[in-house]
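# Summary of structural features
Below are the chains, spelled out letter by letter.
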Amino acid sequence: MAFDYDKYLRPGKLPHIWCPGCGHGIVMKGLIRAIDACGLEKNNTAIVSGIGCASRLPGYMDFCTLHTAHGRAAAFATGVKMAKPEMNVILVGGDGDGTAIGGNHFIHACRRNIDMTYLIMNNNIYGMTGGQFSPCTPTGAKASTTPYGNPDPAFDIAKLAIGAGATFVARGTAYHATQIDKLIAEAIQHKGFSVVEILDDCPTTYGRRNKFKSVIEMMNRLKEIAVPVKAAEKMSPEQLEGKILTGVLYKAEKPEYTGEYAKVIERAKGAK
Amino acid sequence: MEKKLPTIEIIEKYCKGCHICVEFCPTKVLEMQGFVAAVKNLEACIKCMQCELRCPDFAIKVTA
Ligand SMILES: Cc1ncc(C[n+]2csc(CCOP(=O)(O)OP(=O)(O)O)c2C)c(N)n1
Ligand code: SF4
Ligand code: SF4
Ligand code: SF4
């Protein structure tokens, strides 16, 4: 049976603004299937974004949504969660939004282990503003601001999240569409700060500058570089050269922030 | 017994002609007709749903 996406979309919003072949649409569909699988209620679910092509996502979703300032999704989302801890809070955005201007909010949300899910669509570039390099642009890649090749090493978002204290970290790709909803659903169900990075494609500002002849070539690259964590265990470092691990990369139980804060409130009430 | 064929609906006003569904269909059911995707060989469809899952534009619906 064809999945009924319309049930979760604001009426009359399609076609969306994303370019032909842009992976953001594939990711949004995965998010919708995950929300459906988890049975989240529209009135009890907030979807919060910053600014960028990826951050346009909440506008299509028939939920409680916030489209905020560039890089500030985590700050606004934290406010929502603290005011209404019973609400499901999902953050979405691009690699630029989340790891450049929003990098600070990102690591501190991880550190607090606040029970929210952060879906980060990593297309290795600032798509919306015409292809400037981001902290996730690979070394050597071309962007409008690195016409001779990017000298910077890129962030590994998953490692950054784990190092900063997130308690659920997963990675998928826009090519592996069946996996996207499963990873997001597991992230939503996890109690604590969950990060799901989806390796995505921006044919318009990244692909054409970096010798990808078409979006199909970009999809094929995602297919080739992805190695499921289980399969990687049996591979040598040479075999893993240039590959990227996918699946659930990290999971831990740690005190969750809204729960800890509730205890502070209780303590303060008893204070003399 | 005749096998039951799925229904593949392509919503042309949503299709942006990215080729993803055509390229990654394992049995080459789909083709581009001008700007939009179209069904070429419905008999070959194995109902894997990959085209529907990967279409970034909500433009293709497979009902098995
Ligand atoms: C404070 C501020 N600085 C800069 C911008 C310009 N700006 C808009 S979107 C964007 C980057 C978007 O890139 P990313 O988050 O990776 O998302 P994508 O567009 O690639 O999906 C920038 C720099 C802005 N809107 N606000
Ligand atoms: S510019 Fe890139 S990220 Fe933005 S909609 Fe187009 S393909 Fe997607
Ligand atoms: S369901 Fe699978 S086999 Fe059928 S058209 Fe789509 S991709 Fe091809
Ligand atoms: S994947 Fe979707 S948008 Fe792309 S050609 Fe096929 S039907 Fe059209």
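This section reports on the structure supplied with the text. (Residues numbered from 1 in each chain as written. Chains lettered and ligands numbered in written order. Predicted model: local features only at pLDDT ≥ 70, side-chain atom pairs only at ≥ 80, totals over all residues. Heavy atoms only, no water.)

Residues and elements named next belong to chain A. In this model, the largest pocket occupies a volume close to 280 Å³. Along the walls of the largest pocket sit 16 residues, with Asn122, Phe155, Asp156, Leu199 and Ile244 positioned nearest its centre. Put simply, the parts of the chain that give the lining of the largest pocket at least two residues each are strand 6 (194-199) and helix 8 (215-225). Among the elements that take part in the lining of the largest pocket, helix 8 stands out by supplying 3 residues, more than any other. (1 Å grid on protein atoms, 1.4 Å probe; cavity = no way out; pocket = protein on both sides within 12 Å on 5 of 7 lines; lining within 4 Å. Points joined across faces, edges and corners; volume = space filled by probe spheres on them. Helix = DSSP H or I, 4+ residues; strand = E, 2+ residues; numbered from the N terminus.)

This next bit is on the site of ligand 4. Residues and elements named next belong to chain B. Lining the immediate surroundings of ligand 4 are Cys15, Lys16, Gly17, Cys18, His19, Cys21, Ala37, Cys55, Pro56, Asp57 and Ala59. In this structure, ligand 4 is accommodated by the largest cavity. Here the shell around ligand 4 is built from residues that sort into 7 nonpolar, 2 polar and 2 charged. (Near = heavy atom within 4 Å. Sits in = over half its atoms within 2 Å of the grid points. Nonpolar A, V, L, I, M, F, W, Y, C, P; charged D, E, K, R; others polar.)

All names here are of chain A. Taken together, 17 residues are adjacent to ligand 1, and His24, Cys53, Gly96, Asp97 and Gly127 come closest. At 2.8 Å, a backbone N or O of cysteine 53 approaches an oxygen atom of ligand 1. Residue aspartate 97 places a main-chain N or O atom 2.7 Å away from an oxygen atom belonging to ligand 1. With 4 residues, helix 3 (residues 95-101) is the single largest residue contributor to the shell around ligand 1. (Polar contact = N/O pair within 3.5 Å; in protein donor to acceptor, adjacent residues only side chain to side chain.)

Once that is clear, we can look at the nonpolar core. Residues and elements named next belong to chain A. Of all hydrophobic cores here, the largest spans 70 residues; its most connected members are Ile35 and Met61. No other element matches the 8 residues that helix 1 (residues 24-38) contributes to this core. Residues contacting isoleucine 35, with those up to four places away along its chain left out, are Tyr8, Leu40, Ile47, Met61, Phe63, Ile90 and Ile188. Counting 25 residues, the second largest nonpolar core, distinct from the first, contains Phe106, Met116, Cys136 and Ala158. (Core = buried A, V, L, I, M, F, W, Y, C linked by side-chain atoms within 4.5 Å. Buried < 20%, exposed > 50% of the residue type's maximum accessible area, 1.4 Å probe, protein only. Contact = heavy atoms within 4.5 Å.)

This part is about empty space enclosed by the protein. Residues and elements named next belong to chain B. Applying the stated criterion across every chain, the model contains 5 cavities of 30 Å³ or more. Space inside the largest cavity adds up to approximately 120 Å³. Contributing to the lining of the largest cavity are 14 residues, with Cys15, Cys18, Cys21, Cys55 and Ala59 lying nearest its centre. Taken together, the residues of the lining of the largest cavity break down into 10 nonpolar, 2 polar and 2 charged. By volume, the second largest cavity is sized at about 90 Å³. Lining the second largest cavity are 14 residues, with Cys25, Val29, Cys45, Cys48 and Cys51 sitting closest to its centre.

Residues and elements named next belong to chain A. Enumeration over the complete set of coordinates arrives at 14 salt bridges over all chains. Put simply, lysine 81 and aspartate 115 hold a salt bridge, and the shortest N to O gap is 4.0 Å. Of this pair, lysine 81 sits in helix 2 (residues 73-83) while aspartate 115 sits in the loop between helix 4 (103-112) and strand 4 (117-122); the two residues are 34 residues apart in sequence, bridging distant segments of the chain. Accessibility expressed as a relative area gives 15% for aspartate 115, which makes it buried. The shortest N-O distance in the salt bridge between arginine 171 and glutamate 197 comes to 2.8 Å. Of this pair, arginine 171 sits in strand 5 (residues 168-173) while glutamate 197 sits in strand 6, placing them 26 residues apart in sequence. Each member of the pair, arginine 171 as well as glutamate 197, carries the same accessibility label: buried. Members of the salt-bridge network, linked through shared partners, are Lys81, Asp115 and Lys191. (Salt bridge = Lys/Arg side-chain N within 4 Å of Asp/Glu carboxyl O.)

Let us now look at the packing of aromatic side chains. Within this structure, the stated rule accounts for 9 aromatic pairs over all chains. Centroid distance tyrosine 5 of chain A to phenylalanine 58 of chain B: 5.3 Å. Interplanar angle 90 degrees. Geometry classified as edge-to-face. With one member in each of two chains, tyrosine 5 of chain A in the segment before helix 1 and phenylalanine 58 of chain B in the loop between helix 2 (50-54) and strand 4 (60-63) form a pair that bridges those chains. Of the residues examined, tyrosine 5 of chain A reaches a relative accessible area of 5% and is grouped as buried. On the accessibility criterion, phenylalanine 58 of chain B (5% relative accessible area) is buried. A network of ring pairs unites the aromatic residues Phe3 and Tyr5 of chain A together with Phe58 of chain B as a single cluster. For the cation-ring pair, arginine 112 of chain A lies above tyrosine 257 of chain A, with the distance from its terminal atom to the ring centre recorded as 5.2 Å. We note arginine 54 of chain B situated over the ring of tyrosine 175 of chain A; from NZ or CZ to the ring centre the distance is 4.0 Å. (Phe/Tyr/Trp six-rings, centres within 6.5 Å; stacked < 30°, edge-to-face > 60°. Lys NZ or Arg CZ within 6 Å of the ring centre and 35° of its normal.)

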